[in-house]
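Below, each chain spelled out in residue letters.
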Amino acid sequence: MQPRVAVVGSGPAGVYAAEALIRYAGEVSVDVLDALPAPFGLVRYAVAPDHPRTQSISESLATVLDHPGVRFLGNVRVGADISIDELLEHYDAVVIAVGAATDRRMGIPGEDLPGSVSATDLVAWYCGNPDVDPGRFVLDASSVAVVGAGNVAGDIARMLARSAGELAATDAPDHILAAFAASSVRDIHLIARRGPAQSRFTTRELRELGDLELADLLVDPADLELDAHSAEVVSSSSAARRNVEVLRGWVGQAETRLDRRIHLRFFQRPVEVLGTDRVEAIRLERTRLDVDGEVHGTGDIVDLPVQMVVRAVGYRSLPLDGLPFDEGSGVVPHLNGRVHRDGVVMPGLYVAGWAKRGPTGVIGTNKHDARETVRSLMDDLPALPRAAADSPDAVVQLLESRGVDVVSWAGWRAIDLAEVEAGRRQGRPRAKISDRAALLRIAAGEG
Ligand code: NAP
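Residues numbered from 1 in each chain as written. Predicted model: local features only at pLDDT ≥ 70, side-chain atom pairs only at ≥ 80, totals over all residues. Heavy atoms only, no water.

(A) Just the overall build of the protein chain, in detail. When helices and strands are tallied, the protein chain shows 17 helices and 18 strands. Expressed along its principal axes, the backbone C-alpha trace of the protein chain runs to roughly 70 × 50 × 40 Å. Within the protein chain, the fraction of its 447 residues that count as buried is 55%. Taking the intrachain contacts of the protein chain between residues at least 6 apart in sequence as the baseline, contacts between residues at least 24 apart amount to 74%. As displayed, the protein chain has an accessible area near 19,100 Å², and 50% of this comes from carbon and sulfur atoms. Taken as two groups, the 48 positive and 63 negative side-chain charges of the protein chain have centres that lie 3 Å from each other. (Helix = DSSP H or I, 4+ residues; strand = E, 2+ residues; numbered from the N terminus. Buried < 20%, exposed > 50% of the residue type's maximum accessible area, 1.4 Å probe, protein only. Contact = heavy atoms within 4.5 Å. Areas by Shrake-Rupley, 256 points an atom, 1.4 Å probe, with all protein chains shown as cover. Lys, Arg positive; Asp, Glu negative; His and termini not counted. Charge placed at Lys NZ, Arg CZ, Asp CG, Glu CD.)

This is how it looks when you write it as structure tokens:
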């Protein structure tokens, strides 16, 4: 019987691992499990709706899940519906590719006040993740602080600044389009604790902020004067140089008094979120960098009135029952993708993607990463103990006996069709369905 591998997670890391398995391991059958009824992980549930080109990566991921050697098992929560140990009884090897499901915190007072939210939640909401209550956010703030100078912060600032017209052509669920159309947001403050040279925006994403229909971009020229460390960064990194050039191009642009404004605020670190019943302001301290690029507070404090604070200061993986987890680095400890506990390799267990290396890199980075993991798996496969269960259907039967409505690839295809059809009626490419019960009904052919 051919070897059977389970891949946990159907985002880019998981699907690229499945692709590497069918391409290089020859006769192997791969089950790709996902906690959500729909596949593609962050491509579906974290790529901003106004980025259709990045979203279209799902088409190439779909060709892998469509392969006869690969089976999609959606709506299966590993750790709750089935344990890792049980997976190891049904499969010769298990690849964990669950990404980074939660956010890092700022660690400042007031962070948990109503109106202070994580990028993870906000992004999942506007991408139609069924685990987020559709009413979770009301965009009734007029001023919002988005903390962070990475692409997630940039995505959020851009989305909040978009006009209803710009969003109308996206695949966002209907209730999200309605929430953005009713938005009161007028001022978006992007808060970076270091300077423009140290920002983590990719230049294309940064440039996009300048192309919005409704929003002026405001940047303080004083923030663009390079200190010793920033000058060094700019001379050694073309990405940093390009970012600084883009920002310089925006200086002095007359404010056209468009409807919305994005304020780029560098060298400001949040020290407290202020408010009684909800966020009323964010307290910022001016920073400076020393010659090594370390951030130091200057004691120069300002309270910026805002009614919403979004922390976009990085993602973080969550521990999974039965798997070791390094709390310090927030990843599953591994050696070339082989999971280990205190240096002892756990036979048959592998990890790929953000759960392996942390939340860095672009989607394509996961291809190389997954191949490294699959190479380790293939090297080990001949010596791994064979799975006890003898039928590929045994795992599905076990899940169904526990009341799990497993979504098959045909089930996802039915959801896909329903969304595309709903979008077509509104003149857009797709209208995402975010209600889990509705997704399951459609997948079961009862839609
Ligand atoms: P990121 O690129 O690591 O950026 C995190 C930002 O948060 C940094 O500017 C960091 O500043 C700041 N930060 C961290 N802790 C902070 C604190 N306590 N107070 C204030 N600021 C703090 O992370 P990300 O934006 O979450 O993105 C994750 C990955 O996904 C990246 O590889 C990104 O490129 C990718 N991504 C790509 C796209 C796209 O291509 N459109 C979209 C979304 C995400 P310091 O540098 O000072 O630490």
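(B) Structural context of the site of the ligand. If you check the shell around the ligand, you find 20 residues, and the closest are Ala-149, Asn-151, Arg-193, Arg-194 and Arg-200. When the free accessible area of the ligand is taken as 920 Å², the share hidden by the protein chains comes to 84%. Of the pockets mapped on this structure, the ligand occupies the largest pocket. Residue contributions to the shell around the ligand peak at three residues, all from helix α7 (residues 151-161). Residues that form the shell around the ligand fall into these classes: seven nonpolar, seven polar and six charged. A domain-level breakdown of the shell around the ligand finds at least three residues from each of domain 1 (4-101 + 317-407) and domain 2 (104-314). (Near = heavy atom within 4 Å. 1 Å grid on protein atoms, 1.4 Å probe; cavity = no way out; pocket = protein on both sides within 12 Å on 5 of 7 lines; lining within 4 Å. Sits in = over half its atoms within 2 Å of the grid points. Nonpolar A, V, L, I, M, F, W, Y, C, P; charged D, E, K, R; others polar. Domains from an automatic or database assignment.)

(C) View of the pattern of salt bridges. One pass over the full model with this rule turns up 40 salt bridges. A salt bridge links Asp-103 to Arg-311; the shortest N-O distance between them is 2.6 Å. Here Asp-103 is found in strand β5 (residues 102-103), whereas its partner Arg-311 is found in strand β14 (residues 308-311), with 208 residues between them in sequence. The burial state of Asp-103 is the same as that of Arg-311; both residues are buried. (Salt bridge = Lys/Arg side-chain N within 4 Å of Asp/Glu carboxyl O.)

(D) Fine view of the layout of surface pockets. Here the largest pocket defines a volume of roughly 1,600 Å³. Gly-150, Asn-151, Val-152, Arg-200 and Gly-314 are, among the 50 residues lining the largest pocket, the residues nearest its centre. At the level of elements, α6 (119-126), α7, α10 (203-208), β11 (268-275) and β15 (315-316) are the ones that each hand at least two residues to the lining of the largest pocket. Here the lining of the largest pocket is built from residues that sort into 23 nonpolar, 17 polar and 10 charged. In this structure, the lining of the largest pocket is formed jointly by two domains, domain 1 (4-101 + 317-407) and domain 2 (104-314), each of which donates at least three residues. Computed from the structure, the second largest pocket encloses a volume of approximately 1,200 Å³. If you trace the second largest pocket, you find 44 residues lining it, with Leu-36, Val-98, Gly-99, Ala-100 and Ala-101 closest to the centre. Elements with a contribution of two residues or more to the lining of the second largest pocket: α1 (12-24), α2 (41-45), β5 and α6. With four residues, α6 is the largest single contributor of residues to the lining of the second largest pocket. Mapped onto the domain boundaries, the lining of the second largest pocket takes at least three residues apiece from domain 1 (4-101 + 317-407) and domain 2 (104-314). (Points joined across faces, edges and corners; volume = space filled by probe spheres on them.)

(E) Main features of the nonpolar core. In this structure, Trp-125 and Tyr-126 are the most contacted members of the largest nonpolar core, which totals 51 residues. Aside from chain neighbours lying at most four places away, what touches Trp-125 is Val-132, Asp-133, Pro-134, Arg-136, Phe-137, Leu-139, His-175, Ile-176, Ala-179 and Phe-180. Within the second largest apolar cluster, 44 residues are counted, among which are Val-5, Val-32, Phe-40 and Tyr-45. (Core = buried A, V, L, I, M, F, W, Y, C linked by side-chain atoms within 4.5 Å.)

(F) Representation of helix α15 (residues 393-401) within the structure. Among the residues making up α15, those that are buried are Ala-394, Val-395, Val-396 and Leu-399. In this structure, the buried residues of α15 make contact with β2 (29-33), β3 (70-73) and α5 (84-90). Once α15 ends, the next one or two residues include Gly-403, with phi positive near 80 degrees.

(G) Layout of the sheet that holds β3. The mixed open sheet is built from seven strands, whose spatial order is β3-β2-β1-β4-β18-β17-β16. With partners counted over all chains shown, the strands left at the sheet margins are β3 and β16 (334-335), one partner each. For strand β4 (residues 93-96) and strand β18 (residues 344-351), the ladder comprises three bridges, and the chain directions are parallel. Opposite Val-94, over in β18, you have Leu-349 as the bridge partner. (Pairing = 2+ DSSP bridges.)

(H) Examining the packing of α6 against α7 more closely. Taken N-terminus to C-terminus, the directions of α6 and α7 make an angle of 50 degrees; their axes are 11 Å apart at the nearest point. For the element pair α6 / α7, the angle class is oblique. Relative to α7, the crossing made by α6 is left-handed. Taking contact as the criterion, the partners of Ala-119, Leu-122, Val-123 and Tyr-126 in α6 are, on α7, Val-152, Asp-155, Ile-156 and Met-159. Within the contact of α6 with α7, the residues separate by chemical class into seven nonpolar, no polar and one charged. (Axes fitted to C-alpha atoms, helices over the stretch in contact; angles between N-to-C directions. Parallel < 35°, antiparallel > 145°, perpendicular 65-115°, else oblique. Left-handed = near helix turned anticlockwise from the far one by under 90°.)

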